[in-house]
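Letter by letter, the chains look like this.
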Amino acid sequence: MRAVLTWRDKAEQCVYDLAFKPDGTQLILAAGNRLLVYDTSDGTLLQPLKGHKDTVYCVAYAKDGKRFASGSADKSVIIWTSKLEGILKYTHNDSIQCVSYNPVTHQLASCSSSDFGLWSPEQKSVSKHKSSSKITCCSWTNDGQYLALGMFNGVISIRNKNGEEKVKIERPGGSLSPVWSICWNPSREEHNDILAVADWGQKLSFYQLSGKQIGKDRSLNFDPCCISYFTKGEYILLGGSDKQVSLFTKDGVRLGTVGEQNSWVWTCKVKPDSNYVVVGCQDGTISFYQLIFSTVHGLYKDRYAYRDSMTDVIVQHLITEQKVRIKCKELVKKIAIYKNRLAIQLPEKILIYELYSDDSLDMRYRVKEKIVRKFECNLLVVCADHIILCQEKRLQCLSFSGVKEREWQMESLIRYIKVIGGPPGREGLLVGLKNGQILKIFVDSLFAIVLLKQATAVRCLDMSASRNKLAVVDENDTCLVYDIHTKELLFQEPNANSVAWNTQCEDMLCFSGGGYLNIKASTFPVHQQKLQGFVVGYNGSRIFCLHAFSMSAVEVPQSAPMYQYLDRKMFREAYQIACLGVTDTDWRELAMEALEGLEFETAKKAFTRVQDLRYLELINSIEERKKRGETNNDLFLADVFSYQGKFHEAAKLYKRSGHENLALDMYTDLRMFEYAKDFLGSGDPKETKMLITKQADWARNINEPKAAVEMYISAGEHGKAIAISGDHGWVDTLIDIARKLDKAEREPLLMCAHYFKKLDNPGYAAETYLKIGDLKSLVQLHVETQRWDEAFALGEKHPEFKDDIYVPYAQWLAESDRFEEAQKAFHKAGRQGEAVRVLEQLTHNAVVESRFNDAAYYYWMLSMQCLDIAQDPAQKDVMLGKFHHFQHLAELYHGYHAIQRYTEEPFSFHLPETLFNISRFLLHSLTKDTPLGISKVNTLFTLAKQSKALGAYKLARHAYDKLQGLQTPARFQKSIELGSLTIRSKPFHDSEELVPLCYRCSTNNPLLNNLGNVCINCRQPFVFSASSYEVLHLVEFYLEEGITDEEAVSLIDLEAPRHKRENKWQEIASNTSQTLRLDETLDSLGDDDPFTAKLSFEQGGLEFVPVVVNRSVLRSMSRRDVLVKRWPPPLRWQYFRSLLPDASITMCPSCFQPRLTAKPPALGRSVAPTRLGAAERPELRPGVTAVSPQMFHSEDYELLVLQHTCCPYCRRRIDDPSP
């Protein structure tokens, strides 16, 4: 640090105080009874201000720059504006000793010998507070919250903005150590407010706001009169009785003298935000200094050490940007760094540090040695085991213990010294002298070696990595490069202030000067770029530059020197430069140039660096070919040119090397078809066709499908043309292609048909299939498009496709939830298994979902389907068994539907008699296993309720007793319990009106029949009505052996004449009355009816004896009395005789005929039901209950048909004409 006097002036009286305007342009001095205003730039006195009548002791400027204040021995304070006009004046009881403005609120504190006052522009009066002693100085904290007062009795009082004392600090010397100057540190970076105190006990102290002292008192050896901080608080100025201004660190470490004076220094201040200092003395001298802080630093490779805050050393790793701070607590004078050593010179000693480890990234230092001696030197160098001191012409080598081992005396002043490496204890030094000599000295040798001598003085020098070349910057700013061995000047460059060789490349150096960085490779021209500062190191692509007080590592691409080598085809050298650091573009350029120069090794390395696998594969391919003995460089270069895009040059080289086919392949692969045609000329037509095909491929790939289709057609590639047209939906193009193709070209036509189907144009697809005669595909097309009418029409003409039509049709119906139609279609297709499975699933679902009416219908359909299958002799027995089983289940579920509705729904749709008959029918039928879904509880519950209601009390009691032994739902419990109790009050017999009559033997059967639904006497099965479940007046009869069904029907149709029945009732009329009398003398009906005679049987027989009739009995029967069911084979027809011909019975004509068509029944046409004599019925085995849901009382049937528009059992619609 050194101080340079900028200007000086002298006032007539002592300068007690001064203040800078916040912007630093003006300086206000208190001299005598006047204020002097100076221009700080040149020391011009701008204006004296008069207003005080006695000596002015103090002056202060507000931080906002709008006003300043002065205090005088005349006991007054004057407020001045920035325009140097006095605007306010107020007084104290004693002389004013000091004034200070609050930096935040701009409140003014004025202190006198006995009190202090606080004034602000907002208040009219000055608030004053008494003081116990004379106040000599004052200072506000940065935040303006507290005011510190220094007093003559050695006390420091810290008060708040209202003047109330918060902290009191008593100095050890008391009144013998008056506090003469205090100042708060203005730094915003400090965590605590720090107060610097200077007293006339010749001590400098520091305190926190709380009153706690920081550190120990520092002895000054003079009486301090003033203390002030730099703007940022990093340094302190102190002046007093020693007639000089001293510079201290913020911790109180003395750094040096700013300027010596001829009398006491009463005041000193720092110009805001600068390094300028002004000093005011007792003799009236005003001195304005500029402080210059020199850079103290050292550099070795990537480690840079420099001084910070004058007492600290920071070591910075220029690569990783890591920093470490070493606090020395004394003025750092010199720094040297070498490998793992660091030397720091302090005023009274030299400290030698070493790294903790050999790690190149380690930044931890520890003290190795201390040399406690004062040294005077210009330069300091450290080696592994020595330090080198340079003082003008003399060099001294000292061990770390401080022992001088060697000394060298030079002929001239030493201007530059640098360690150039070597073994520990034998390092070499490069020394440059003012007389132009450049020496090399080894620390273990007394003799200096003269490398060369030039005419101009040395300013800076450096040696190349191999120590073959030397670069020197002389006093004329010229960079000179010498060959060390021959002493020859290789070249020189102007405008240089520093130079450095690249530590990784022998032929590269850089030098700086004139605001530019210059990079020179070998003897090529210099490459320049802008750079401020001095070059101090060059490592790879990093240049270490010192600018002002900071060191930075600048990343410099080495592109320019690399291209200089490339221009001369020096590929290996260019690669070495590129390794120092170039852009990816530069690497690629190097790779390309080396590849064109057939320098494959360098090209491979460069392409590896940019990770270009394509070119690496090319190089590997060429190297393999060279190993196999190929030596044609033209062919190699042609491959290189084709990879680079220089296709015409490549084609010429291919042709020159006799490989025209490679040129043709290249052009076609690149879609340069016109160039390929030009190159080919009028060649082979096959190759021309191949070119057109490839051109079409290219047009397709570049999304030009129209052009590609045209080219494919012209080249005869119809398949590709069709594929493109189909993928783009061009139906018109496909139609043109399909119609132009010959029917023998089957594959392209099939492709056309495929795309027609895909594009929803089945008509054109059908046309195409017809053209090639592919009927199977045509059928499949109709099926896929669900054009069933066309499919059925084609199936009629070609029965071999029946399965291909009806099976998909059935599957489609099943997917559409049209299962009934689906099973019929399966049947039509001959898929009996699928048809049965569909029906079985439908039936199971209906039962699970409690749709028992549907379940009855599906079981009826299953039975009819089994009957149809039973025509196959191999399956006859099994299928007939299933037929009877399914018929039985259909009858049960048909009846149980009414029971389920009665028990589950709130309203009943059937008469009590009907429910009574159905529940009896089910009870007698459920003698063995109960089918799924049918509840015995529901059946018995219904029977009990209806029996009780109709007077069948005995049967009701039986039903209730049965219910007591079953698990019943909770909703029935109460009703069952109540019914069981109430039925006990009823008579134990059934109503005779409910007792069923056997029409064969005229026996009254009990309501609860242990034999089931047969007569207990003759064992004749009862025939029930399908609606009311009443016993019908029908008796089944069988044909005598040898009579066929056709003969029997023909005999019945003859209708032989019968005797006229005579009426047994005789009417007798008188004047007053009419009377009917039964004449029992007439013959009964049985006397002349042969069938009646056949009804007789043997009483008490346990076996059922069927009614068997012969031809004469058949001839005697009337057609209107007989019902014939013509079951399909293998069943025989069934015959029933009505014993009450006048009671009409109706039968559905389709309940006993299978309806297994593939299409659903058509609507809009009617079929009349069959009455007596024209119906048919399936054969029942003798002795088995004859259940006939197909038979109805005519009135019941007509009502049900009107309600449902179909048969309630087989669901044949009345308007369905099919048989």
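Residues numbered from 1 in each chain as written. Predicted model: local features only at pLDDT ≥ 70, side-chain atom pairs only at ≥ 80, totals over all residues. Heavy atoms only, no water.

Under an unreviewed UniProt entry, the protein chain has the name Intraflagellar transport protein 122 homolog and belongs to Eschrichtius robustus.

Engineer: Before we move on, can you summarise the overall build of the protein chain with the specific residues and values?
Structural biologist: Regarding its fold elements, the protein chain presents 30 helices and 64 strands. Taken across its 1219 residues, the protein chain has 51% of its residues classed as buried. Of all intrachain contacts in the protein chain linking residues separated by at least 6 positions in sequence, the fraction that spans at least 24 positions is 47%. Approximately 57,400 Å² of the protein chain is accessible, and the part contributed by carbon and sulfur atoms is 48%. (Helix = DSSP H or I, 4+ residues; strand = E, 2+ residues; numbered from the N terminus. Buried < 20%, exposed > 50% of the residue type's maximum accessible area, 1.4 Å probe, protein only. Contact = heavy atoms within 4.5 Å. Areas by Shrake-Rupley, 256 points an atom, 1.4 Å probe, with all protein chains shown as cover.)

Engineer: Pulling in residues and values, what's your account of the packing of aromatic side chains?
Structural biologist: Tallied over the full model, the rule gives 33 aromatic pairs. Seen from their ring centres, Trp200 and Trp264 are 6.2 Å apart, and the 80° between their planes marks the pair as edge-to-face. Of this pair, Trp200 sits in the loop between strand 19 (194–199) and strand 20 (203–208) while Trp264 sits in the loop between strand 25 (254–260) and strand 26 (265–270), and the two are 64 residues apart along the sequence. Residue classification places Trp264 among the partly exposed positions, given a relative accessible area of 25%. Grouping aromatic residues by their ring pairs yields a cluster made of Tyr16, Tyr57, Phe152, Trp180, Trp200, Trp264 and Trp266. Just above the ring of Tyr356 sits the side chain of Arg366; from NZ or CZ to the centre is 4.8 Å. (Phe/Tyr/Trp six-rings, centres within 6.5 Å; stacked < 30°, edge-to-face > 60°. Lys NZ or Arg CZ within 6 Å of the ring centre and 35° of its normal.)

Engineer: Residue-level account of the sheet that holds strand 41 (residues 414–421), with values.
Structural biologist: Taken together, four strands build an open sheet; the order of strands is 41-42-43-44 and the sheet is antiparallel. Of all strands in the sheet, those with a lone pairing partner are strand 41 and strand 44 (448–453), marking the two edges. In this sheet, adjacent strand axes meet at a mean angle of 20° when their direction is disregarded. Note that strand 41 and strand 42 (residues 428–433) share six bridges and pair antiparallel. Paired with Val419 across the strands is Leu429, a residue of strand 42. (Pairing = 2+ DSSP bridges. Axes fitted to C-alpha atoms, helices over the stretch in contact; angles between N-to-C directions.)

Engineer: Describe in detail helix 24 (residues 936–950), supporting the description with residues and values.
Structural biologist: Two residues of an α-helix separated by three or four positions point the same way, owing to the 3.6 residues in each turn. Compared with an ideal rise of 1.5 Å per residue, which puts 15 residues at 21 Å, helix 24 spans 21 Å between its outermost C-alpha atoms and is within 8% of the ideal. Every buried residue of helix 24 is listed here: Val937, Asn938, Thr939, Leu940, Phe941, Thr942, Leu943, Ala944, Gln946 and Ser947. Elements that come into contact with the buried residues of helix 24 comprise helix 22 (876–904), helix 23 (912–925), helix 25 (953–964) and helix 26 (970–982). Sitting at the head of helix 24, Ser935 places a side-chain oxygen 3.3 Å from the backbone nitrogen of Val937. Directly beyond the C-terminal end of helix 24, a positive phi value near 95° is found at Gly951. (Expected span 1.5 Å × (residues − 1). Polar contact = N/O pair within 3.5 Å; in protein donor to acceptor, adjacent residues only side chain to side chain.)

Engineer: I'd like a description of the sheet that holds strand 11 (residues 108–112), backed by residues and values.
Structural biologist: The four strands lie next to each other as 10-11-12-13, forming an open sheet whose pairing is antiparallel. Two strands lie at the open edges of the sheet, namely strand 10 (96–101) and strand 13 (127–130), each paired on one side alone. Along the sheet, successive strands turn relative to each other by an average axial angle of 15°, direction set aside.

Engineer: Explain the side chain of His1193 residue by residue, including any values.
Structural biologist: Within the secondary structure, His1193 is located in strand 64 (residues 1191–1193). Within polar-contact distance, the side chain of His1193 engages the side chain of Glu1030 at 3.4 Å.

Engineer: Kindly report on the pairing of strand 27 (residues 276–281), identifying the contributing residues and their values.
Structural biologist: The buried count for strand 27 comes to five of six residues, which makes it a mostly enclosed element. Note: strand 26 against strand 27, five bridges, orientation antiparallel. Paired with Val265 across the strands is Cys281, a residue of strand 27. Counting the residues in the hairpin turn of strand 26 and strand 27 gives five residues, including Asp273, whose phi is positive at 55°. Where strand 27 lies against strand 28 (residues 285–292), five bridges are found, and the strand directions are antiparallel. Bridge pairing in strand 28 links Val279 to Ser287. Connecting strand 27 to the next strand, strand 28, in antiparallel fashion are three residues, including Gly284 with a positive phi near 90°.

Engineer: Quick one: what's the story with the nonpolar core, residue by residue and with numbers?
Structural biologist: In terms of nonpolar packing, the biggest core is built from 57 residues, with Trp860 and Tyr893 touching the most fellow members. Every element with two or more residues in this core is listed here: helix 20 (832–848), helix 21 (852–869), helix 22, helix 23 and helix 30 (1194–1204). Apart from the residues lying within four places of it in its own chain, the contact partners of Tyr893 are Val847, Phe852, Ala855, Ala856, Tyr859, Pro931, Leu932 and Ile934. If you look at the next biggest cluster of nonpolar residues, it comprises 49 residues, including Ile344, Leu346, Tyr365 and Ile371. (Core = buried A, V, L, I, M, F, W, Y, C linked by side-chain atoms within 4.5 Å.)

Engineer: Residue-level account of the environment of Trp80, with values.
Structural biologist: In this fold, Trp80 is placed in strand 8 (residues 76–81). The spatial distance from the C-alpha of Trp80 to the C-alpha of Lys66 is 8.7 Å, given a sequence separation of 14 residues. With sequence-adjacent residues up to four places away left out, Trp80 is seen in contact with Leu35, Leu49, Lys50, Gly51, Lys66, Arg67, Phe68, Ala69, Ser70, Glu85 and Gly86. Of the polar contacts made by the side chain of Trp80, one reaches the side chain of Ser70; its length is 2.9 Å.

Engineer: Kindly report on the pattern of salt bridges, identifying the contributing residues and their values.
Structural biologist: Side chains bearing opposite charge may pair, as long as their charged atoms lie close to each other. On inspection of all chains with the given rule, the structure shows 38 salt bridges. Through salt bridges with shared partners, a single network forms among Arg341, Glu354, Arg366 and Lys368. (Salt bridge = Lys/Arg side-chain N within 4 Å of Asp/Glu carboxyl O.)

Engineer: Outline the confidence of the model for the protein chain, listing residues and values.
Structural biologist: A residue-level look at the protein chain finds 82% of positions with pLDDT of 70 or above and a mean pLDDT of 81. Scored below 50 in pLDDT, residues 1081–1087 makes seven contacts in the model with residues more than four places away or belonging to other chains. Within the model, pLDDT remains below 50 along residues 1156–1189, and this stretch shows 129 contacts once partners closer than five positions in the same chain are excluded. (pLDDT = per-residue confidence, 0-100.)

Engineer: So what about helix 4 (residues 600–610)? Which residues, and what values?
Structural biologist: If you check which residues of helix 4 are buried, you get Phe600, Thr602, Ala603, Ala606, Phe607 and Val610. Down the axis of helix 4, the buried set is contained in an arc of 155°. They therefore lie on one face. Those residues of helix 4 that are buried lie in contact with helix 2 (571–581), helix 3 (584–596) and helix 5 (613–627). Just past helix 4, the residue Gln611 takes up positive phi, approximately 55°. (Arc of directions from axis to C-beta.)

Engineer: Hey, could you go over unusual backbone geometry for me, with residue numbers and the actual values?
Structural biologist: Residue Pro1130 follows Pro1129 across a cis peptide bond; omega there is 10°. Within the element layout of this structure, Pro1130 appears in the loop between strand 60 (1122–1125) and strand 61 (1134–1138). Not every positive phi belongs to a glycine, and Gln202 is a case in point at roughly 60°. Structurally, Gln202 is set in the loop between strand 19 and strand 20. For Gln202, a relative accessible area of 28% corresponds to the partly exposed category.

Engineer: Account for the state of the cysteines, with residues named and values stated.
Structural biologist: Inspection of every chain in the model, using the stated rule, returns zero disulfides. Not engaged in a disulfide, the cysteine Cys111 finds its nearest cysteine sulfur in Cys98; these two sulfurs lie 3.8 Å apart. Here Cys998 stays unpaired: no disulfide links it, and the sulfur of Cys1018, its closest cysteine neighbor, is 3.4 Å away. (Disulfide = S-S within 2.5 Å.)

Engineer: Give me the lowdown on the environment of Arg901, citing residues and values where you can.
Structural biologist: Turning to its location among the elements, Arg901 is positioned in helix 22. Residue class for Arg901 comes out partly exposed when judged on its relative accessible area of 23%. On a C-alpha basis, the gap between Arg901 and Arg851 in space is 10.0 Å, while along the polypeptide they are 50 residues apart.

Engineer: With reference to specific residues and values, describe the pairing of strand 32 (residues 323–327).
Structural biologist: The pairing of strand 31 (residues 312–317) with strand 32 spans five bridges and is antiparallel. Opposite Val315, over in strand 32, you have Val324 as the bridge partner.

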